[in-house]
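Below, each chain spelled out in residue letters.
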Amino acid sequence: MKDEVIGRETDSDTPSFSSFILPPSAFPRVPLAVPYWNRETYRAIFHCLLSGRVIDGPELEALKSQIVESLGVAAALLCGSGSLALELVLRACGVREGDEVVLPTFCCAAVVAPVLAVGATPVLADVGDELNLTVETVEAALTQRTKAVIVPHLFGNPAEIDRIVEFVRGRSIRVVDDAAQALGAAIGGQAIGSFGDAGIISFGAEKVCFGLGGGALVCRREEYMQKTSQVNLSAPALRTAVANLLSTFAWRRLRRWTRPFRILLSSQSATPDAVPARYRREAMSNLAAAVALSLVQTLRENISARRARVQAYRELLKNCPGLELVGHRTGSACLTQLIRILPPRTREDRATKLIGTLGALGYEVQGSYVPIHLLSNFGQCVWDHLPRAEKVWADLVELPCEPSVAMADIERIAEIVKASVRD
């Protein structure tokens, strides 16, 4: 069938030979978080490989210029990961040992490592109804030692960072606009990533522009970028850059076909308590920049498709008893659609049951974040009372919004969800 937004052919309705031998869960009809690559992506990859410009090349400067233009910022610095970009932002903001940095407990635990890397203490704040920081949750976490607030925009949905910036104005508190999950989102026409004192974007796994990794520090004022001028980043290794390409292509881009082999080859499954892999202090490779550039150049089509899928979920699941849709504000990048399965009076874990049901039928979905304060390996964090995150996290399920997911599959997923909450 035709994809109704992008207008390209999909093979989602074509049964594979393997589907007659193995269950749908082995070779999923809709695999989890497949990167949205296009012809330009593959052309860029082959160009880098054939020209030998894997580590250094013109795509690095082209990507930097594209980011500056798209976000309307003064400068950008490319680096090997979004986590490293966050550490550099904190250093540029003057965060040092003894300071406190506020961040939401409900977010990717990888945000903690950059805070610890600069010697600061991560202070965990609660979240609002849309599961992002709010002025009220930030205010509850502030102390005399607060130096910065990191504001992620989870699931592509803009947090009220404009209000947070106004709230802390005059307090010598820096606001970091963490647009890792929200590249292409906006508030009132201003690009997410360009709010606050400085920000970051990411091209890592399960992002809007899911490339070969890498990230960027972005600043509205040149003075912040000057503070990073003495940071020495090592060049990425050629072998590592090529291995990352092959791994991403095999295990993520072709996930529909390679998932069972990946499971067989994996010695153990990652758990929420696992400490995120240590990030390298290295620059972005030209190969990663070339892939990212191809994705940024098609960002408008990408987000348009995602928004159409969020709208479809909204129409298909509205007024469904036992279910809440976490809303997307105007300007959202719509990374994924989050739903909350309202708990019944019994102890039944209906969210986990729904994930299993969808998986068995070939729709690979996942639950959402375990709040950081509930994880065992993050004892350096401090917090007080976080009732909202504790109440909802176990009931959440993330539904796919990738442009490659056909509208017919969105409808089928919605039918399964409705049937599950009725049981």
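Each chain carries its own residue numbering, running from 1 in the written order of its sequence. Local features in a predicted model are, by the rule used here, given only for residues with pLDDT of at least 70; side-chain atom pairs are given and counted only at 80 or more, and totals for whole chains, interfaces and linings are based on all residues. With hydrogens and water excluded, all non-hydrogen atoms of the structure serve as input to the side-chain values.

**Here's the deal with the sheet that holds strand β3 (residues 121-125)**
Basically, it comes down to this: When DSSP finds two or more bridges between a pair of strands, those strands are recorded as paired. The secondary structure listing takes helices from DSSP runs of H or I that are at least 4 residues long and strands from runs of E that are at least 2 residues long, numbered from the N terminus. Note on method: axes are straight lines fitted to C-alpha atoms, helices fitted across the in-contact stretch only, with angles between N-to-C directions ranging 0 to 180 degrees. It only takes one pair of heavy atoms within 4.5 Å for two residues to be counted as in contact.
On the basis of which strands lie adjacent, the open sheet formed by 7 strands has the order β1-β9-β8-β5-β4-β2-β3 and mixed pairing. Looking at which strands have only one partner, the edges of the open sheet turn out to be β1 (75-79) and β3. Here the average twist between neighbouring strands, direction ignored, is 25°. Here strand β4 (residues 146-152) pairs with strand β5 (residues 174-178) via 5 bridges, running parallel. Across the sheet, A148 pairs through a bridge with R174, a residue of β5. Strands in contact with helix α2 (residues 58-71) are β1, β8 (198-202) and β9 (215-219); relative to β1, the strand with the most contacts, it is inclined by about 135°. Strand contacts of helix α3 (residues 82-92): β1, β2 (100-104), β4, β5, β8 and β9, with the helix running at about 175° to β8, the strand carrying the most contacts.

**A word on the packing of aromatic side chains**
Test applied: Only rings of Phe, Tyr and Trp enter the pairing, Trp through its six-membered ring, and a pair is recorded when the two centres are within 6.5 Å. The plane angle decides the type: under 30 degrees is stacked, over 60 is edge-to-face, the rest tilted. Exposed residues in this analysis have more than 50% of their type's maximum accessible area, buried residues have under 20%, and partly exposed residues fall in between, with area computed by a 1.4 Å probe over protein chains only.
One pass over the structure, following the stated rule, counts 6 aromatic pairs. When the ring of F27 is compared with that of F261, the centres are 6.4 Å apart and the planes differ by 70°; the resulting orientation is edge-to-face. In this pair, F27 sits in the segment before α1 (39-51) while F261 sits in helix α9 (residues 255-265), placing the two residues 234 residues apart along the sequence. According to the relative accessible area criterion, F27 is buried, its value standing at 14%. Between F106 and Y369, the aromatic rings sit 5.6 Å apart at their centres with planes inclined by 80°, giving edge-to-face as the arrangement. Note that F106 is positioned in the loop between β2 and α4 (112-117) and Y369 in the loop between β12 (366-367) and α13 (387-392), a separation of 263 residues in sequence. Judged by its relative accessible area of 0%, F106 is buried.

**Brief notes about the packing of helix α8 (residues 238-253) against α9**
Here is the rule: Angles are sorted into four bins: roughly parallel if under 35 degrees, roughly antiparallel if over 145, roughly perpendicular if 65 to 115, and oblique for all others.
Running from N to C, α8 and α9 point in directions that differ by 105°, and their axes come no closer than 7 Å. One finds that α8 runs roughly perpendicular with respect to α9. Packed against α8, whose contacting residues are A250, W251, R252 and R253, the element α9 presents R255, T258, F261, R262 and L265 at the interface.

**Some details on α3**
Given 3.6 residues to a turn, an α-helix orients residues that are three or four positions apart in the same direction. For α3, the tally of buried residues reaches 10 of 11 residues, placing the bulk of the element in the interior. All buried positions along α3 are accounted for by G82, S83, L84, A85, L86, E87, L88, V89, L90 and A92. Just past α3, the residue G94 takes up positive phi, approximately 80°.

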